[in-house]
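Reading the structure
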Amino acid sequence: MSRSWWLLWRRLAALFLSAALLGAITGTLLPCLLAAALGGLGWQLWRLDRLDRWLRGDREANPPPTGPVWDGIQEHIARLRRQSRKRKRKLSRLLAQFQQAAAALPDAAVLIGEDDRLLWCNGASQPLLGLASSRDLGLPITHLLRHPDFVAFLNQRRNGDSVEFPSPVDDGLSLSARIAPYGKKQRLLLATDISRIRRLEQMRREFVANVSHELRTPLTVIAGYLETLLDCDDLALAGWEQPLRRMQQQSGRMLHIVEDLLLLARLESQKERPPLKPVNIPALLADIVEDITALSGDQGHQIQIAADAGLWLLGCEKELHSAFANLAFNAVRYTPVGGRIEIGWFADHHGLHLTVVDNGEGIAPHHLPRLTERFYRVNRDRSRSSGGTGLGLSIVKHILNNHGGQLRIESQLGAGSVFTCDFPGELRVNPACGKTEAE
Ligand code: ADP
C-alpha cells in the first residue's frame, strides 16, 4: 500500500474512532458512526467534484483537490498530460515532415475519400492536374478531372493498373496515373508527367520512319539496276552472275525490311488510322491459302481451312490481310516438308478468333514472351534463310491492338504452334446488312 493511501486510511480510522468515542460517551453510538460515515463520504465527493471541474474547465478558477491520494492522482494526470503533449508534438513534427516530403514530390499526390471526394493534394497537383487544396477540397474528383479515360479508370477500380491522359491544365502534358487503396475505402492517386518519354518515343518513331523512307528510293534504284544487269547478255559480265544474284537477294531483303519498318511506323501513328469497314474474312483467308499453297510449292504441306462463312469483321482489310498472311506464311516457313497447317475462323462467347495451327518445329517457352519484339528471332540464320525480317509478329501485334484485339501464342518445342488472334465480339458484322451486332 502506498504512503498516501496509508495516510487516508489512518485519517478515516481516526474519524471513526472519534465518532465511536463520542457516541459511547453520549450513548448515541450508531448515529455518531453514521454521521462520521456520511461526513467522510461527503468530503471525498466534494473533492471528486473539484477534480472533475478542474479537469473540465478553467484551471485557475477551480484549483485541484489536495490531500492524501488526491495529490497522487493529480501528479499522475499531470504526467499523462506531459506524455500526451510530447506525443502530439512528435506527431505534428512527423506530419509536417510528411507534408514537406509530399510537397517536394515532382508527381501529383491526391487523397480521395470514400465517395470519391478530394481529401488532400500536394503542390505538384496544381501544375499537373489543376487541383488546389485551398479551393477544391471536398469536391468530387470526377468534377475536377473529367477526361473520359480517367473517369473510366477510376470507376473500374483496377488497382495496380495505370491510365494515360492529357493534363487538364496543359494539353501538351501527357500524364500517367495510378491509384492505390489505403485506410478505410480511401485511395491515393499518383500522377506522373510522362511527356518527355512520349516525346522521345515519338522522335524514335519519326527517326526510324524517316531513315526507312530515305533508304527506300536508293534501294529501289539499286535493285532495278541489278535486275537490268542480270537480264543483259553482255559478255563483259560473264562470271558475274552469281555475285549479282547475291546482291539482288540482299537488296531485296533490305527493301523488305524497309517496307516492314514503314508499315510499323504507319501502324503506330494514331493520326492516319484508316476507316473501319466490313471485311469478308472467309474470302480473305481463301486468298491467303492460295498464296501459302504457292509458297509451300513442292514441300507438300497439308493446308486446311475451316472458316465460318457468315462471319465478317469490322476492320481494315489491308491490315487484317497483312496480319493473317504473316501468321500463315510463318506456319509454312517454320513447318518441315509434309507438315500440317490449319487455319480456323470462328466466334464464341468471348469474341471472334482466327487460329493458325501447325505441327512444325515449335518454340521453346522462354522465347514466347519476346516473340512480338522488333527483330526478335529464335534462330537468326533460320529466319534470314527463309526470307524473314524479324518484324512480322510485331506488325501482327500492332494490327490487332489497333482493332482492340490481342495475339496469343501457344507452342511446344518439336510439336508445333498455335497463333490465335482474338477480336472483341462488337466487331462482328452481319454480312447481309453490313452492320455490327451493336448497331
Ligand atoms: P521472322 O521474319 O523472323 O519470321 P517474325 O516476327 O514473323 O519474324 O517471327 C519471329 C520469330 O518467331 C521467328 O524468327 C521464328 O523463330 C518464330 N516463329 C514465328 N512463327 C513461328 C511458327 N509458326 N513456328 C515456329 N516458330 C515461329
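Nothing here was measured: the structure is a model prediction, and the numbers come from that model.

Focus: a negative patch on the surface
Taken together, the side chains of Glu227, Asp231, Asp233 and Asp234 make up a negatively charged region of the molecular surface. Tracing the backbone through its elements, the reader meets Asp234 in the loop between helix H8 (195-231) and helix H9 (241-268). According to the relative accessible area criterion, Asp234 is partly exposed, its value standing at 47%.

Topic: the sheet that holds strand E2 (residues 118-121)
Across the sheet, which stays open at both edges, the five strands sit in the order E2-E1-E5-E4-E3 with antiparallel pairing between neighbours. Strands with a single pairing partner mark the edges of an open sheet, and in this sheet they are E2 and strand E3 (162-166). Put simply, the sheet's adjacent strands are angled 25 degrees from each other on average, direction ignored. Pairing between E3 and strand E4 (residues 174-182): five bridges, direction antiparallel. The residue bridging Pro166 from the neighbouring strand is Ser174, located in E4. Most of the contacts of helix H7 (residues 148-156) go to E3, to which it runs at about 155 degrees, and overall it touches strand E1 (108-112), E3, E4 and strand E5 (186-193).

Some remarks on the site of the ligand
Near the ligand you find 19 residues, and of these Asn330, Tyr334, Ser383, Gly390 and Leu393 are the closest. Within the side chain of Asp358, one N or O atom sits 2.9 Å away from a nitrogen atom of the ligand. Separating an oxygen atom of the ligand from a backbone N or O atom of Leu393 is a distance of 2.8 Å. Look at the ligand: alone it shows 520 Å² of surface, and the protein chains cover 97% of it. One can see that the ligand is located within the largest pocket. For the shell around the ligand, the secondary structure elements donating two or more residues are helix H11 (317-333), helix H13 (392-402) and strand E12 (416-423). Broken down by element, the residue count for the shell around the ligand peaks at three residues, all from H11. For the shell around the ligand, the class distribution of residues is nine nonpolar, seven polar and three charged.

Regarding the domain arrangement of the protein
Domain boundaries assigned for the protein yield domain 1 (3-77), domain 2 (105-193), domain 3 (198-269) and domain 4 (277-436). A C-alpha centroid distance of 62 Å is found between domain 1 and domain 2.

Describing the packing of helix H2 (residues 29-56) against helix H3 (residues 70-104)
Packed helices, taken two at a time, are described by their axes: the angle between them and the distance between them. Direction vectors running N to C along H2 and H3 enclose 15 degrees, while the axes themselves pass 12 Å from each other. With respect to H3, the element H2 is oriented roughly parallel. Pair H2 / H3 crosses with right-handed handedness. In contact with Gln44, Arg47, Leu48, Leu51, Trp54 and Leu55 of H2, H3 contributes Trp70, Ile73, Gln74, Ile77 and Arg81.

The rules behind each value
Residues numbered from 1 in each chain as written. Predicted model: local features only at pLDDT ≥ 70, side-chain atom pairs only at ≥ 80, totals over all residues. Heavy atoms only, no water. Patch = residues over 30% accessible without salt bridge, like charges linked within 9 Å, V, L, I, M, F, W, Y side chains within 5 Å. Areas by Shrake-Rupley, 256 points an atom, 1.4 Å probe, with all protein chains shown as cover. Salt bridge = Lys/Arg side-chain N within 4 Å of Asp/Glu carboxyl O. Lys, Arg positive; Asp, Glu negative; His and termini not counted. Charge placed at Lys NZ, Arg CZ, Asp CG, Glu CD. Helix = DSSP H or I, 4+ residues; strand = E, 2+ residues; numbered from the N terminus. Buried < 20%, exposed > 50% of the residue type's maximum accessible area, 1.4 Å probe, protein only. Pairing = 2+ DSSP bridges. Axes fitted to C-alpha atoms, helices over the stretch in contact; angles between N-to-C directions. Contact = heavy atoms within 4.5 Å. Near = heavy atom within 4 Å. Polar contact = N/O pair within 3.5 Å; in protein donor to acceptor, adjacent residues only side chain to side chain. 1 Å grid on protein atoms, 1.4 Å probe; cavity = no way out; pocket = protein on both sides within 12 Å on 5 of 7 lines; lining within 4 Å. Sits in = over half its atoms within 2 Å of the grid points. Nonpolar A, V, L, I, M, F, W, Y, C, P; charged D, E, K, R; others polar. Domains from an automatic or database assignment. Parallel < 35°, antiparallel > 145°, perpendicular 65-115°, else oblique. Left-handed = near helix turned anticlockwise from the far one by under 90°.

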